[in-house]
Structures are given as structure tokens and as C-alpha cells.
Amino acid sequence: MTVLLATLLKVLVIFGCLISAAGISTLAERKISAWIQLRRGPNRVGPFGLLQPLADGIKFMFKEEFVPPGKSRFLFILAPALAAVPAMMSVAVIPFTGRIAEIDGTPILGSVADLDMGAIFIMAVSGLGVYGIILGGWASNSKYPLLGGLRAAAQMISYELSMILIILAIVAMSGTLNLREIADAQNDHTLLGFLPAWNVFLQPLAFVLFVICTFAETNRHPFDFAECESELVGGFHTEYSSMKFALFFIGEYCAMIVMACLTTTLFLGGASVPFWAEAPWFIGLGSFVFKAAAFMFLFIWVRWSLPRFRYDQLMALGWKVFLPLAITNIFITGLVLAL
Amino acid sequence: MPTPYTALFILLGIVVGFVVLVTVASNLLGRKRQNAEKDSPYECGMDSESPARVRISIHFYLVAVLFILFDVEALFLILWAGSAEAFNAAGHGALVFAEVSAFVAVLALALAYVWRKGGLEWDR
């Protein structure tokens, strides 16, 4: 019973943190973009504009809702939910920290669910997000959203392939699909006597490919053809307003957060602290959040620094560069492991 | 005794509850004042001349088919990746790797064929 209560509390805290982090990320995006462009950014609501996400949320609630007339009303309402739910669910297997406590002999671990097939779970669930986007584009009964949804779907499935192959190379190295064990496997020895054995040092090519794939997977800037305001107005969410639009937005930011956490887990040793193997769980949690936040900053930094690709360049990059490289990477990994 | 899946379903309940709650709440709280102009699809102020469900480029279909092909490849590789270490420990590592390489080589050949045939060119 105590274990069940502790689990419930843990799940609630992680969900609350995810939603808050998504809100804070929207503010960070606007603040950092403002600094990059020598502006001030939001600074009216609360000290330094810190309450801006809350104000935005309330405003979304009270905005008029638009549902296009026609037969696809149900799908139109369903699509934002289908985009947001998988993005929020995929956080379940991320091991934020090590063992927090032990109740009646049952360890309380730093993830929602310590699944043995965690890597498969996160690939499967985060892949479901594409349904919400393509369905939203189709159900809008408008041309721009349809094109945006199709582009997003083609882009996401193209880069998902390379991403899965890269994850599998890491899985083959670690010998497990459990994300907590993958993170732990990077911390039980050192390279050359001083470097922590993080996969970023063992698999540098995979790391670079993976980070770029996460940009394409979450439809972030150099690859944001789903929105592409200069060509498609707002892309798949052109016709969406009110909280349904906000759900797409929350889903996108949650997906970014999960991808940042996944990169941390797979390549940067998860919650480990270099040279301090016995760090208590809250130090590990701080270390994890720091690493993941660095990737979130990278997401924002890149968005406001680079120009957008052209769509055919994007598809060529995915199929002609990333897929062969990912296959080569898994081949070399297998070869080294077998020898 | 809660298994990991208990926590997973608790999270699913919270997430679905949150999504339904905010959707319904914004529906109840927001104002509604519809008219024919507002209901028309957005096309930068132009009147819509044709229905939105136009024919789409065949490239999207080709990408989807290729994705299924290579995704199934990845699916088989999951089995190998998860058990590679165990095979190596049992001394069958080289044999299993040779088999997997043959499988991947066939699909790499398929990718080369599609590439040669121009299936990956977007602007044709």
C-alpha cells in the first residue's frame, strides 16, 4: 500500500515537472530568442516575465474555439490529444536518477516505470505522435494544414529510421534494452583512466547523428517544415485555436524535453556525476537536469541561429546521408563487439 | 504489489485526464460567435476555389513504403541488438554477426537500388 502511494506520488511529481518544464521552455524560447536578437523579450507578467507561461495558459483557455464545419469534426478534436498524449507518455521510461528510497524491500527508482523494454517503449510511443499531426492536418479541411501534415509525417518517419538504428547500436553495446541499465553501463568504468565511459566518447558519430535526428523528429528549426511559416502559414495547426492549439504546442515541447532526456540517458551517462560514483540521488537528479537543460538550450540556440533547409534537401539528407551512416555505424559496432 | 506497468497506467490515466480536462474546459469557457466567413478554410484571405483534399505527390507514398521496408529491418535488428552480448559471451558472436550482416547487406543493396532508380530524388 505504501509502495502504491509512493508510486502515485512519484508519477504525479514527474508529470507536474514535465508540464512545468514545457511551460518554462516556452518562456526560455522567447527570452533566449530575444537576447539573440538584442530585444528584451517578455518582461511584464511577474518578475522578469516569469509568470508569462501561466498567463498564456489562462489566455488559451478563454479563447474562442474553431471547429471547421463538415464531417471530420471528431477527428479534428481528437488530433491534438493524439499529438500530446504520446509525447507526455514517452517520459515514463526516462531514468531521471538512481534509487530514491526503499519501502518494504521494494526500491523506488527515479523513473515512472523501470521497463526492461524501455528503449522499445520510447521508440514506439514517441513514433505515435505522427498520427496526431497528420490527422490534424487532414481534418482541418484546408490546404496548408494538409500539406504541412504530410510533410511532417514523411519527415518524421524518414528520420525515425536512422534514429532507431542509432539507438540499436547503443543497445548492442550495453547488452540491454532497459534505459536505466544503459545509463549505468556507462558509469562502471573509465576510459584511458580518467574519461567517464560515456557513449558520447565511444560513439561520437552516433551522438552527432542522434542529436540531429532529434531535431528532425521533433520538427524543430532547421527542419521545421511542418510549420514553415513562409510557405505554409502555420502548417498543420493553421486552423487550430484555443486549448487545442496549446495541446499541439505542449506536445511539441514535451517531445523536445523527452528527446533531450533520452540523449542524456543514451550518451551522457544519465544521472551520473563524473568522478563521484557514490553521489546521492538528488545530486544525480541535478546532474541529469543540467545535462538535459543544456540540450534544450541547444534546441533553442539552433532555432534562432540557422536558416531553414529546403524540403528536398531534408529528405535527401535523411535517406542518402543519415540512413547509410546509421547502417554503417551499427555494422561497425557489431563488428567490434563480435571480435 | 505494483509492477512497473501499474505506474505506466497511472501516468496514462493522468495524461488522458489532463488532455480531456483542458479540451472540455476551453470548450466551455471560450466564447462562441460563428459566421460563414469564420468557418471557411484559411487561405490568406482568398476565397477557397477547390476542396482541400487535393491529390498529393506520389513521393509521399514512396517514402511511406520505403519506411515500412526499413522499419521491419530495424525490428529484426532489435532482437540481435538485445542479445548480441549474450551471443558473444556464449562464443557464437562471430557467427550471429555474420548472419545479421548478410541480412543488413541485402537491405543495403535494396537501398542502393532505390537510390540508383531515382526513388530518393524529390524534385523529379
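Keep in mind it's a predicted model, so treat the numbers as computed, not measured. (Residues numbered from 1 in each chain as written. Chains lettered and ligands numbered in written order. Predicted model: local features only at pLDDT ≥ 70, side-chain atom pairs only at ≥ 80, totals over all residues. Heavy atoms only, no water.)

Caption draft 1: Just the overall build of chain A, in detail. The secondary structure content of chain A amounts to 13 helices and 4 strands. Expressed as lengths along the three principal axes of its C-alpha atoms, the size of chain A is roughly 60 × 50 × 45 Å. Counting contacts in chain A only where the partners sit at least 6 residues apart, residues at least 24 apart contribute 77% of the total. Of the roughly 13,800 Å² of accessible surface on chain A, a fraction of 72% belongs to carbon and sulfur atoms. Treating the 21 positive side-chain charges of chain A as one cloud and the 21 negative ones as another, the clouds have centres 12 Å apart. (Helix = DSSP H or I, 4+ residues; strand = E, 2+ residues; numbered from the N terminus. Contact = heavy atoms within 4.5 Å. Areas by Shrake-Rupley, 256 points an atom, 1.4 Å probe, with all protein chains shown as cover. Lys, Arg positive; Asp, Glu negative; His and termini not counted. Charge placed at Lys NZ, Arg CZ, Asp CG, Glu CD.)

Caption draft 2: Quick look at the overall build of chain B. Along chain B, the regular secondary structure elements total 4 helices and 0 strands. Counting from the amino terminus, helix and strand elements in chain B follow one another as α-α-α-α. The C-alpha radius of gyration computed for chain B amounts to 26 Å, which surpasses the reference 14 Å derived for 124 residues by more than 25%, pointing to a less compact arrangement than a globule. Residues classed as buried in chain B amount to 33% of the 124 residues present. Summed over its atoms, the accessible surface of chain B is roughly 8,100 Å², and 68% of this surface lies on carbon and sulfur atoms. Charged side chains of chain B number 9 positive and 11 negative; the gap between the two group centres comes to 9 Å. (Rg over C-alpha atoms; globule rule 2.2 N^0.38 Å. Buried < 20%, exposed > 50% of the residue type's maximum accessible area, 1.4 Å probe, protein only.)

Caption draft 3: Main features of the environment of B:Val114. Residues and elements named next belong to chain B. Turning to its location among the elements, Val-114 is positioned in helix α4 (residues 93–116). It is 15 Å that separates the C-alpha atoms of Val-114 and Phe-60, two residues lying 54 residues apart in sequence. Apart from the residues within four sequence positions on either side, Val-114 is in contact with Leu-66, Gly-119 and Leu-120.

Caption draft 4: Examining the interface of chain B and chain A more closely. At the interface, 65 residues of chain B touch 79 residues of chain A. Carbon and sulfur atoms supply 77% of the area buried between chain B and chain A, which totals about 6,300 Å² over both sides. Viewed at the interface, chain A and chain B are joined by 4 residue pairs in polar contact (both at pLDDT 80 or more). Every element with two or more residues in the side of chain B that touches chain A is listed here: α1 (4–29), α2 (36–39), α3 (58–89) and α4 of chain B. If you tally residues by element for the side of chain B that touches chain A, the top one is α1(B), at 18 residues. (Buried area = accessible area lost by both parts, 1.4 Å probe. Polar contact = N/O pair within 3.5 Å; in protein donor to acceptor, adjacent residues only side chain to side chain.)

Caption draft 5: Local environment of unusual backbone geometry. All names here are of chain A. The backbone of Leu-38 sits at a positive phi, close to 55°, despite the residue not being glycine. In this structure, Leu-38 sits in the loop between α1 (2–36) and α2 (52–62). With relative accessibility at 79%, the residue Leu-38 sits in the exposed group. The phi dihedral of Asn-219 falls on the positive side, at around 55°, and the residue is not glycine. Here Asn-219 lies in the loop between α9 (204–217) and α10 (229–232).

Caption draft 6: Seen up close, the confidence of the model for chain B. Put simply, chain B has an average pLDDT of 83, and 98% of its residues get 70 or more. Across the assembled chains, the prediction reports ipTM 0.86 with pTM 0.89. (pLDDT = per-residue confidence, 0-100.)

Caption draft 7: Just helix α12 (residues 281–303) of chain A, in detail. Residue and element names in this part refer to chain A. Between its first and last C-alpha atoms α12 spans 33 Å; for 23 residues at 1.5 Å apiece the expected length is 33 Å, and the two agree. For α12, the set of buried residues is Gly-284, Ser-287, Phe-288, Lys-291, Ala-292, Phe-295, Met-296, Phe-299, Ile-300 and Val-302. Those residues of α12 that are buried are in contact with α1, α9 and α11 (242–267). (Expected span 1.5 Å × (residues − 1).)

Caption draft 8: Looking closely at the pairing of strand β2 (residues 106–109) of chain A. Of the pairings in the sheet, the one linking strand β1 (residues 99–103) of chain A to β2(A) comprises 4 bridges and is antiparallel in character. The partner of A:Glu102 across the bridge, within β2(A), is A:Pro107. (Pairing = 2+ DSSP bridges.)

Caption draft 9: The arrangement of the packing of α9(A) against helix α13 (residues 311–338) of chain A in detail. Residues and elements named next belong to chain A. In contact at an axis separation of 10 Å, α9 and α13 are set at 145° when each is read in the N-to-C sense. Pair α9 / α13 crosses with left-handed handedness. For the pair α9 and α13, the contacting residues are Leu-205, Ala-206, Leu-209, Ile-212 and Cys-213 in the first and Phe-322, Leu-325, Ala-326 and Asn-329 in the second. Within the contact of α9 with α13, the residues separate by chemical class into 8 nonpolar, 1 polar and no charged. (Axes fitted to C-alpha atoms, helices over the stretch in contact; angles between N-to-C directions. Left-handed = near helix turned anticlockwise from the far one by under 90°. Nonpolar A, V, L, I, M, F, W, Y, C, P; charged D, E, K, R; others polar.)

Caption draft 10: Quick look at the side chain of A:Lys10. All names here are of chain A. Locating Lys-10 in the fold gives a position in helix α1. Buried charge Lys-10 goes without a salt bridge, the closest partner of opposite sign being Asp-114 at 8.8 Å. Polar contacts involving the side chain of Lys-10 include one to the main-chain carbonyl oxygen of Leu-109, which spans 3.1 Å. Setting aside its immediate chain neighbours within four residues, Lys-10 contacts Ile-108, Leu-109, Ser-111 and Val-112. (Salt bridge = Lys/Arg side-chain N within 4 Å of Asp/Glu carboxyl O.)

Caption draft 11: Geometry of the side chain of A:Ser287. Along the chain, A:Ser287 turns up in helix α12. Excluding residues within four positions of it along the chain, A:Ser287 makes contact with A:Gly270, A:Ala271, A:Ser272 and A:Val273.

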